[in-house]
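# Tertiary structure, described
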Amino acid sequence: MSTAPHFDIDLAAFWHDPYPVLTQLRVEAPIAYVPQLGGVVMTRRDDIAVSEKQIEVFSSHQPEGLMNKLMGHNLMRKDGEDHQAERKVIFPAVSPRTVKGTWREKFQEHTDRILDALVPKGGGDLSDVYARPVSGEALKEITGLTNITYLQIDSFSQGMIDGIANYAGDAEIEARCHAATAGIDAAIDDMLPVLRAHPNQSLLSVMVEAGLDMESARANVKLAISGGQNEPRDAIAGAIWALLNHPDQLELVLSGKVSWLRAFEEYARWISPIGMSPRRVAQHHVIRNVEFHPEDKVFFMFGSANRDEDYFADGHVFDVTRDASKSIAFGAGPHFCAGAAASRSLIADVALPAAFERLKGLRLEGRDEVKVGGWAFRGVLNLPCEWDK
Ligand code: HEM
């Protein structure tokens, strides 16, 4: 057990708004054991940036973890050469060149089609009727599972995310997770002969073409679905919400003075879709006079690092004119998000400009409050909007 000072939190309040506690922790106990989370949180950007690269200490290999048990052993739960070897195999599917040359056009086609159906409606919950399908259709292309619907890929993703956070062992949640992974396996079985006959740039196809063992290939497709649906969805809806709530800043973006990419990066800094990434301590280690022992559980709090006072003045303020380049919303080490290039293109090149271009007079509906929630994964839960038909 680490010698980190204990720090108690109110879990329900933390879910609603983790930032006041994270601000307090950065000052009083930057590395603290939080019993309600069952692990040691690391809240300062410098500590996380250094520790994430020390894979011999802070290991991603968690054989007893729920992710391995429920989704198979994927590349995010490997370290060192094994990890790098699989990163190399999947790179052709997520490289900036493939994103620019192949996925960008697909993203635009799906988004235009979704907006064609939305514009005449004049209103709706954009988190549900825009961000969810835009993210889902993109992920179907990237993974290679074009034989399922965006609603299926969205529910598979949610089923797995709930399953790997199911520390209480709720049987219904576990059953839904198993149904999700079985659904993905069936979709993979269905697509394999098609992709073998007609290989493409998708994740499944490049892994098959590279001869990666199917157990790892299936686990990596499940990983991409669990980590590649909610995050873009929440970032698209969240960035629209943030810009509608800051009309002066929206004007800067619409006038071209600030790019859509900067607006997205600032949103992902301000409210990081992935607020935490876990590690298992593999050997004795000391940092900030805190001793860690093997098997300690550590949480890298990206959401806190992205408001660290040493890097971001008034970090609690959404400001598209700030330099957000020190944000670690996509991670800060060897496990840096493999989908970062695809996400930046989907969100900043396509989803945000298209929404403000096609949904004329876009505004918050105003009757229903926009709800925001979560600490490990954080985002807007609804986004009721109106626009001119
Ligand atoms: C706004 C969107 C997204 C955000 C904010 C995000 C954020 C992250 C973060 C923080 C990590 C973990 C980094 C770490 O532990 O150091 C990660 C890993 C990963 N992400 Fe994303 N992600 C996004 C979208 C996507 C998409 C669309 C895909 C799939 C195409 C994807 C695939 C992955 C994979 C495969 C990993 C594991 C990489 C590794 O372990 O080497 N992500 N992501």
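The structure contained in this document is the topic of the report that follows. In this convention, every chain numbers its residues from 1, walking through the sequence in written order. For a predicted model such as this one, the threshold for reporting local features is a pLDDT of at least 70, and the threshold for listing and counting side-chain atom pairs is 80 or more; totals across whole chains, interfaces and linings nevertheless cover every residue. Excluding hydrogens and water, the side-chain figures rest on all heavy atoms present in the structure.

The alternating pattern of strand β1 (residues 31-34) places Ile31 and Tyr33 and Ala32 and Val34 on opposite faces, both of which are buried. The pairing criterion is simple: DSSP has to find at least two bridges between the two strands. Runs of H or I in DSSP of at least four residues are treated as helices and runs of E of at least two as strands, each being numbered from the N terminus. Where β1 meets strand β2 (residues 39-42), 4 bridges bridge the pair, whose relative direction is antiparallel. Looking at the pairing, Ala32 lines up with Val41 of β2. The antiparallel hairpin formed by β1 and β2 contains 4 residues in its connecting segment, where Gly38 sits at a positive phi of about 70 degrees. Relative accessibility thresholds used throughout: buried, under 20% of the residue-type maximum; exposed, over 50%; partly exposed, between the two (1.4 Å probe, protein chains only).

Inspection of the secondary structure assignment puts Asn230 in helix α12 (residues 230-245). A distance of 2.8 Å separates a polar atom in the side chain of Asn230 from a polar atom in the side chain of Gln158. Here Asn230 is in contact with Asp154, Ser157, Gln158 and Ile161, once residues within four sequence places are set aside. Side-chain atoms alone can form a polar contact between residues adjacent in sequence; in general such a contact is a pair of N or O atoms within 3.5 Å, and within protein one must be able to donate a hydrogen while the other accepts it. The contact definition used throughout considers only heavy atoms, calling two residues in contact when any of these lie within 4.5 Å.

Once that is clear, we can look at the packing of aromatic side chains. Whether two aromatic rings pair depends on their centres lying within 6.5 Å, for rings of Phe, Tyr and Trp, where Trp uses its six-membered ring; planes under 30 degrees apart make the pair stacked, over 60 edge-to-face, and the rest tilted. By the definition in use, this model includes 11 aromatic pairs. Where Phe299 meets Trp375, the ring centres are 6.2 Å apart and the plane angle is 65 degrees; that geometry is what we call edge-to-face. Of this pair, Phe299 sits in strand β8 (residues 297-300) while Trp375 sits in the loop between β10 (372-373) and β11 (379-380), and the two are 76 residues apart along the sequence. The same class applies to Phe299 and to Trp375, which are both buried. Arranged with centres 6.1 Å apart and planes meeting at 55 degrees, the rings of Phe330 and Phe336 form a pair that is tilted. By relative accessible area, Phe330 is classed as buried at 14%. The exposure class assigned to Phe336 is partly exposed, which follows from its relative accessible area of 31%. Any Lys NZ or Arg CZ that is within 6 Å of a ring centre and within 35 degrees of that ring's normal is treated as a charge sitting over the ring. Just above the ring of Tyr311 sits the side chain of Arg45; from NZ or CZ to the centre is 4.7 Å.

Another aspect to go through is the sheet that holds strand β4 (residues 123-125). Reading across from one edge, β4-β12-β9 is the order of the 3 strands in this open sheet, with antiparallel pairing throughout. The strands lining the two open edges of the sheet, one partner per strand, are β4 and β9 (363-364). The pairing of β4 with strand β12 (residues 384-386) spans 3 bridges and is classified as antiparallel. From the neighbouring strand, Gly123 faces β12, where its bridge partner is Glu386.

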